[in-house]
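# What the coordinates show
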Amino acid sequence: MKEKIIAYFEIDKLNTTVKREFLAGFTTFISMAYILFVNPTVLGASGMDEGAVFTATALASALGCILMGIFAKYPIATAPALGINAFFAYSVCVGMGIPWETALAGVFVASLIFILITIFKLRELIIDAIPADLKYAISGGIGLFIAFLGLSEGGIIVSNESTLVALGPLNVGTTWLTIFGLAITAIMMVRRVPGGIFIGMTATTILGLITGLIEVPAKIVSSAPSLKPTFLVALKHVGDINSLQLWVVVLTFLLVTFFDTAGTLVGLANQAGFMKDNKMPRVGKALAADSTAMLAGSLFGTSPVGAYVESSAGIAVGGRSGLTAVTTGLFFIVGLFFSPLLSVVTSQVTAPALIVVGVLMAQSLSQIKWKEMEIAIPSFLILLGMPLTYSISDGIALGFIFYPITMIAAKRGKEVSPIMYALFFVFVGFMWILNAN
């Protein structure tokens, strides 16, 4: 069996090992396990049953990861995306007054459209049409985004009314727990210790438990909550998608998830060294995996599923094959029954890993032609836009809108592909739609 696994996932060819892939998969899982608890809380604001959402989140994530690993053979994990789940709950359900059942049907319809454009290779064409410099900027931008996420979740950076952001209070124990984890992880990475990120997370967890900054769980095993309150509800309410407002909601689900996932895939592929001649091999299969997971997730009862930037933590540990993603998926299934144990993986545990991975992903910025302003300006807007708008798709939108403008100004308009010109109008319309609602 082991020989078959090694052969199928090309473990030797990718210069990795089954043990390393397993560790990478586990590292990715504990880096994104928070979604099991965050997603039910966010979607619960719409009136959805939080227990059912917990189970739906675990199942949709597991399915997406396993499909990504087996068919696309990438070490990239999937789960319900942050940001779009907040749009689902607070903008669509609470803000527009749309019942969660109807909003879930909107996700289902968007996922069907996703599958169609994947079959006709439209998504693949768009990703291949993105210039190499902008792909490097997307990778670096995601690095800054997840580093900012880590600094924020770890308490090192906090919001401030006067300056928007500021240094967090240093008299808080959990902040120092993050700093400790960052120091240990940095030392491990500088010393090139294998599994340095995982070691840092483990050390942070142990210190948190010893000091009482992380609460010891009362029990380890619990049964998975029933899926019944949300299962197949989306299918029963497809007929409710009968107004312009609801089709705008479907379009928003489609666009945000499309470019969040596309940007994440490109960024992670750059980090792992998979890009060849500015193209991502097997990208069609990767896109098919995430769109199928999104469809299944809507039927289980959760917001849109997409590729996760936290996969970069597993890649940084050495994950290079689909076995990493399959391992992550299996841990999501196990997580259904060990939810109390997952509570020890706090934001202070995962924050140092995200910060260090941000450093690794920012290395792609050296490949951008910074001396050519027509390239530098859109690249910089992508790079800075992602963390400051707290959205991968918004950062991409800023850069893609300015790219044709700066290229035409430099009298290089003929070098811009028709698809990039089309995306200019798509993103201008996308921004208008978001601000109109």
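Within each chain, residue numbers correspond to sequence positions counted from 1 in written order. For this predicted model, a pLDDT threshold of at least 70 governs which residues receive local features, and a threshold of 80 or more governs which side-chain atom pairs are given and counted, while totals over whole chains, interfaces and linings are taken from all residues. Processing note: side-chain calculations cover all non-hydrogen atoms of the structure and skip hydrogens and water entirely.

Looking at an unreviewed UniProt entry, one finds the chain named Xanthine/uracil permease and attributed to Enterococcus caccae ATCC BAA-1240. UniProt positions are given in the numbering used here, feature names are shortened, and annotations may be inferred rather than shown by experiment. Its UniProt record gives the chain a comment under Sequence similarities (unreviewed entry), which states: "Belongs to the nucleobase:cation symporter-2 (NCS2) (TC 2.A.40) family. Azg-like subfamily." Of the chain, the UniProt comment under Subcellular location (unreviewed entry) reads exactly: "Cell membrane".

In this section: the overall build of the chain. Helix numbering and strand numbering both begin at the N terminus, where a helix is a DSSP run of H or I of at least 4 residues and a strand a DSSP run of E of at least 2. Of regular secondary structure, the chain possesses 20 helices and 4 strands. Radius of gyration: C-alpha atoms only; globule rule: 2.2 Å multiplied by the number of residues to the exponent 0.38. Relative to the globule expectation of 22 Å for 437 residues, the C-alpha radius of gyration of the chain, 21 Å, shows essentially globular dimensions. The principal-axis extent of the C-alpha atoms belonging to the chain is close to 60 × 60 × 55 Å. Here the chain, with 437 residues, has 55% of them falling under the buried criterion. Sequence separation of 24 or more characterises 80% of the internal contacts of the chain that already satisfy a separation of 6 or more. Residue burial considers only the protein chains on display, and all accessible areas are found by Shrake-Rupley using a 1.4 Å probe. If you sum the accessible surface of the chain, you get close to 18200 Å²; carbon and sulfur atoms cover 68% of it. Averaging the positions of the 24 positive and the 22 negative side-chain charges in the chain gives two centres separated by 10 Å. Exposure categories follow from relative accessible area, calculated using a 1.4 Å probe and restricted to protein chains: below 20% of the type maximum is buried, above 50% is exposed, and the middle band is partly exposed. In what follows, a contact means two residues having at least one pair of non-hydrogen atoms within 4.5 Å. A positive count includes Lys and Arg, and a negative count includes Asp and Glu. His and the chain ends are not counted in either. Here the site of a charge means atom NZ of a Lys, CZ of an Arg, CG of an Asp or CD of a Glu.

What follows deals with the side chain of serine 379. If you trace the backbone, serine 379 turns up in helix α18 (residues 373-389). Owing to a relative accessible area of 0%, serine 379 belongs among the buried residues under this scheme. The residues contacting serine 379, other than those within four sequence positions of it, are Asp133, Leu134, Ala137, Ile368 and Trp370.

Further remarks concern the nonpolar core. Nonpolar core, defined: a set of buried Ala, Val, Leu, Ile, Met, Phe, Trp, Tyr and Cys residues in which side-chain atoms within 4.5 Å join the residues together. By size, the foremost hydrophobic cluster in this structure holds 121 residues, and its most contacted members are Phe88, Phe253, Phe400 and Phe427. Ranked by the residues each element gives to this core, the list is headed by helix α12 (residues 244-272), at 15 residues. Contact partners of phenylalanine 253, with chain neighbours within four places excluded, come to Ile84, Phe87, Phe88, Val92, Ala103, Gly106, Val107, Ala110 and Pro304.

At least two DSSP bridges between two strands are needed for those strands to be called paired. When strand β2 (residues 157-160) meets strand β3 (residues 164-167), the two strands line up antiparallel, connected through 4 bridges. Of the residues in β3, the one forming a bridge with serine 159 is valine 165. In this antiparallel pair of consecutive strands, β2 and β3, the connection spans 3 residues.

Here a pair means two rings of Phe, Tyr or Trp (six-membered ring of Trp) with centres within 6.5 Å. Their orientation is stacked below 30 degrees between planes, edge-to-face above 60, and tilted elsewhere. One pass over the structure, following the stated rule, counts 10 aromatic pairs. Centre to centre, the rings of phenylalanine 26 and phenylalanine 331 are 4.9 Å apart; their planes meet at 50°, and the pair counts as tilted. Within this pair, whereas phenylalanine 26 is found in helix α2 (residues 18-32), its partner phenylalanine 331 is found in helix α15 (residues 322-335), the two being separated by 305 residues in sequence. Given a relative accessible area of 24%, phenylalanine 26 falls into the partly exposed group. Residue phenylalanine 331 is classed as buried on the basis of its relative accessible area, which comes to 17%. Geometrically, the ring pair formed by phenylalanine 29 and phenylalanine 331 is stacked, given 5.7 Å between the ring centres and 20° between the ring planes. Here phenylalanine 331 lies in helix α15 and phenylalanine 29 lies in helix α2, a separation of 302 residues in the sequence. Grouped by ring-pair contacts, the aromatic residues Phe22, Phe26, Phe29, Phe331 and Phe332 constitute a single cluster.

Once that is clear, we can look at the environment of glycine 97. Relative to the helices and strands, glycine 97 resides in the loop between α5 (84-95) and α6 (100-119). For the pair glycine 97 and lysine 19, spaced 78 residues apart in sequence, the C-alpha to C-alpha distance is 49 Å.

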